[in-house]
Amino acid sequence: MTDWDALLVSLGLCPSSRPVRPAEVRAAQADRVRRQRQLRAERGLPADDPRHGKPSTYTNWGCRCPKCRAANTADVAPRMAALRERRRLAA
Ligand SMILES: [Zn+2]
């Protein structure tokens, strides 16, 4: 059991049953996702594609149409507010 698992158990939560992936496996997967996003961004989505208006389309397809930008802004806003609050408290 890792320290993280022990912390989860102490909070009454279940630790993950998935084994921790080695750093090189995580790096390889991050690399694959990066390449995939780059290829999708180069291909682009047709304007009438139903996937517009989702934060995942902003991220994975690099779409910057108004609908995808608005979806991403709404998705990121709570995390950005939390980050600003943490920085404010740390200052
Ligand atoms: Zn879009």
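Counting from 1, residues in each chain are numbered in the order their sequence is written. Thresholds applied to this predicted model are a pLDDT of at least 70 for local features of residues and 80 or more for the giving and counting of side-chain atom pairs; totals over whole chains, interfaces and linings are not thresholded and use all residues.

Asker: Explanation requested: the overall build of the protein in the structure shown.
Answerer: The helix and strand inventory of the protein stands at four helices and zero strands. Across the protein, helices and strands are ordered from the amino to the carboxyl terminus as α-α-α-α. Throughout, the radius of gyration refers to the C-alpha atoms, and the reference size of a globule is 2.2 Å times the residue count to the power 0.38. Here the C-alpha radius of gyration of the protein, 18 Å, is well above what a compact globule of 91 residues would show, namely 12 Å. Each principal axis of the C-alpha distribution contributes one length, and for the protein these read about 50 × 35 × 25 Å. The contact criterion used is a C-beta to C-beta distance within 7 Å, with each C-beta placed from the backbone. For the protein, the share of sequence-separated contacts (at least 6 apart) that also reach a separation of at least 24 residues comes to 3%. Labels follow the DSSP assignment, with helices taken as runs of H or I lasting at least four residues and strands as runs of E lasting at least two, numbered in each case from the N terminus.

Asker: Sorry, what's going on with the environment of V9 here?
Answerer: In this structure, V9 sits in helix α1 (residues 3–10). Sequence separation of V9 and A27 is 18 residues, and the distance between their C-alpha atoms is 28 Å.

Asker: Quick question: what am I supposed to make of the nonpolar core here?
Answerer: In globular proteins that are soluble, nonpolar side chains generally tend to be buried together. To count as a nonpolar core, a set of buried Ala, Val, Leu, Ile, Met, Phe, Trp, Tyr and Cys residues must be joined through C-beta atoms within 7 Å. Exposure criterion: with C-beta atoms placed from backbone coordinates, a residue whose C-beta has 20 or more other C-beta atoms within 10 Å is buried, one with 12 or fewer is exposed, and one in between is partly exposed. Counting residues in each nonpolar core, the largest one holds five residues, listed as Y58, W61, C63, C68 and A71. When contributions to this core are tallied by element, the ones reaching two or more residues are α3 (55–61) and α4 (66–90). With near-sequence residues (within four places) excluded, W61 lies in contact with R40, A41 and L45.

Asker: Please explain the environment of V33 as it appears in this structure.
Answerer: Checked against the element boundaries, V33 lands in helix α2 (residues 23–43). Overall, the presence of 12 C-beta atoms within 10 Å leaves V33 in the exposed class. A C-alpha to C-alpha distance of 8.6 Å links V33 and N60, two positions 27 residues apart in sequence.

Asker: Can you help me understand α4 in this one?
Answerer: Between its terminal C-alpha atoms α4 stretches 34 Å, which fits the 36 Å expected from 25 residues at 1.5 Å a residue. A bend of about 40° at A77 is the largest found in α4, and the proline P78 appears one to four places after it. With two of 25 residues buried, α4 is to be regarded as a mostly surface element. How far a helix is expected to stretch is found by multiplying one less than its residue total by 1.5 Å. To get the bend at a given residue, fit one axis to the seven residues ending there, fit another to the seven starting there, and take the angle between those axes.

Asker: Would you mind going over α2 with me for this structure?
Answerer: In an α-helix, one turn spans 3.6 residues, which is why side chains three or four residues apart end up on the same side. For α2, built from 21 residues, the straight-helix expectation of 30 Å at 1.5 Å per residue is met to within 8% by its first-to-last C-alpha distance of 30 Å. Burial runs low along α2: only zero of the 21 residues are buried. Directly beyond the C-terminal end of α2, a positive phi value near 75° is found at G44.

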